[in-house]
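Each chain, letter by letter, is given below.
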Amino acid sequence: MRVTFIAAECEPWAKTGGLADVVDALARALGTQPGAPVDAPIDVYLPRYRSVPVPEGAPVTPIRVPDPTALTGTTEVRIVDVAADGYRLRLVDHPPAFDRDGFYGDAAGDYADNAWRFGLFCRAALEAIRADGRATDVLSLHDWHAAPAVVFRDRWYADDPVIGRAAAVMTLHNLAYHGWVPRERLRELGLAVGDPILVEDAGLDLLRAGIDHAELVNTVSPGFAAEALTPQYGMGLNGTLRAKGDRFVGILNGLDTTLWDPATDRDIVAPFSRGDVRGKAACRRELLVELGLDPRDPSPVIGMIGRLDPQKGFDLLAGAAPSLIADARLVVLGSGDAKLVASLRDVAARRPDRVALLERFDRALARRIYAGIDLFAMPSRFEPCGQGQMIALRYGSPPIVRRTGGLRDTVVDELSSPGRGTGFAFDDATPVALLAACRAAIARFATGGAGWDSLVDRGMAQDFDWTTGSAPKYVDAFRRAVEIRATEHRGA
Ligand code: GLC
């Protein structure tokens, strides 16, 4: 079975969030499935943004791609092949679309021509697949940026022997971004009001269209798959997802356990592992010294890492912080929303001895924090899967999470399941509820002893490896999508 990924992010070339990690790790894991159900290496199509380095001598294939905005109706795009670790990365290079400061926008907001940019990206990927001479069985499409691929398939390639028979699997990483194309911009996709492919006259919701047209849709945890069917979490797509019935499933993301392993992590001062956690104390000491916090103070250190974004619940932390720092220290690493930064800065400025705020994105520091903290906070309002909590578990730092989406699926609450838990969970998206959960966690930490050690150990023992857990489920989903396409496609 030949599988082709189309995605707007892929670690380490282009990343703003967890999407990039998942595309990279899943592509690699699929290529190493025992019994080789998937032809390896698989192809991953990614826009060649300005910041993406192109290795010297990488093979380049120019192709002509239909472009409704070009005078001649087609434009030249270059496909640059890069041998990645475990898959073939195919960069879609078209400077007018992608040689810009940001991936999706700049300080002024989203780029106005995103429909054209990602439409062209998808069109180029489809044309490159045709030109490649090797048909693909599955188009694995990630988030709204890749949704045009299946819309185009059904609009222009239904009778194409290569693209027409390919099954589409739409993977939803973040329902908050739909890729809305207003009617006056439909022509950038080659569409017009009244086109049979459109369901509404006001424009086109690309993510909704991707869901409608794909043979199978999945999101990145069973917990979020259930939530997405409700108005509270469905972001206006709950009805569309309900209509998919059993063709909408949840598959929990894995964690690349070779990339995230405290036993081999070169960014931490003392390696440690489940069998021998002694190194963690040295990691803690070094981290506190580095951040100007007192390493002899026994009070617990709670860490939080991520995009400073209301989704992630940083505002809940900011609200809880003034009371929380009476009993714990806080380490926060991330950048983003200016208002959130300001409120956290305020707390940090008043108590620099209790709070370290690092306003940046720093891969190595993130690793030192995961290894050096005592507890990890992830109070997300919604979380399709989340990766931080899985890393924290593996690095021996029990997570404090809101009971939602993938957090619900990956962390067992010690308060409701004493002696079986791996972390702490709460329900309400309020600073008060977060504070109560932190206090319960702090109390357990302070008691220490064998009880605490086994809580940490249970967390470190969790197996989130892609190859054993989630990748085989994707293989099943791809197989199902292929069967559905074969029976339902009129050209079949
Ligand atoms: C998005 C989601 C996050 C998920 C990631 C990868 O960033 O918000 O929950 O882990 O995609 O699937």
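Residues numbered from 1 in each chain as written. Predicted model: local features only at pLDDT ≥ 70, side-chain atom pairs only at ≥ 80, totals over all residues. Heavy atoms only, no water.

Observations concerning the overall build of the protein
A count of helices and strands for the protein gives 17 helices and 19 strands. For 492 residues, the compact-globule formula gives about 23 Å, and the C-alpha radius of gyration of the protein, at 23 Å, lands near that figure. Overall size of the protein, expressed as C-alpha extent along the three principal axes, is 70 × 50 × 50 Å. Here the protein, with 492 residues, has 59% of them falling under the buried criterion. Counting contacts in the protein only where the partners sit at least 6 residues apart, residues at least 24 apart contribute 71% of the total. Taken as a whole, the protein presents about 19,200 Å² of accessible surface, with 52% of it coming from carbon and sulfur. Counting 57 positive and 65 negative side-chain charges, the protein places the averaged centre of each group 2 Å from the other. (Helix = DSSP H or I, 4+ residues; strand = E, 2+ residues; numbered from the N terminus. Rg over C-alpha atoms; globule rule 2.2 N^0.38 Å. Buried < 20%, exposed > 50% of the residue type's maximum accessible area, 1.4 Å probe, protein only. Contact = heavy atoms within 4.5 Å. Areas by Shrake-Rupley, 256 points an atom, 1.4 Å probe, with all protein chains shown as cover. Lys, Arg positive; Asp, Glu negative; His and termini not counted. Charge placed at Lys NZ, Arg CZ, Asp CG, Glu CD.)

Side note on the layout of surface pockets
In this structure, the second largest pocket encloses a volume near 250 Å³. As for the second largest pocket, its lining consists of V277, R278, K280, A281, R284, I373, D374, G396, F445, W452, D453 and V456. Mapped onto the lining of the second largest pocket, the elements with two or more residues apiece are helix 9 (279–291) and helix 16 (449–460). By residue class, the composition of the lining of the second largest pocket is six nonpolar, one polar and five charged. (1 Å grid on protein atoms, 1.4 Å probe; cavity = no way out; pocket = protein on both sides within 12 Å on 5 of 7 lines; lining within 4 Å. Points joined across faces, edges and corners; volume = space filled by probe spheres on them. Nonpolar A, V, L, I, M, F, W, Y, C, P; charged D, E, K, R; others polar.)

Describing the pattern of salt bridges
Under the counting rule described, the total for this entry stands at 51 salt bridges. A salt bridge links D85 to R28, with the shortest nitrogen-to-oxygen separation between them at 3.6 Å. With D85 in the loop between strand 4 (74–83) and strand 5 (87–93) and R28 in helix 1 (residues 18–30), this residue pair connects regions lying 57 residues apart in the sequence. For R28, a relative accessible area of 15% gives the class buried. Between R394 and D261 there is a salt bridge, with its nearest N and O atoms 3.7 Å apart. Linking R394 in helix 13 (residues 388–394) with D261 in the loop between strand 13 (248–250) and helix 9, this pair joins segments that are 133 residues apart in sequence. Accessibility expressed as a relative area gives 19% for D261, which makes it buried. Several salt bridges share partner residues, and in doing so they unite R2, D43, D81, R88, R90, D132 and R134 into one network. (Salt bridge = Lys/Arg side-chain N within 4 Å of Asp/Glu carboxyl O.)

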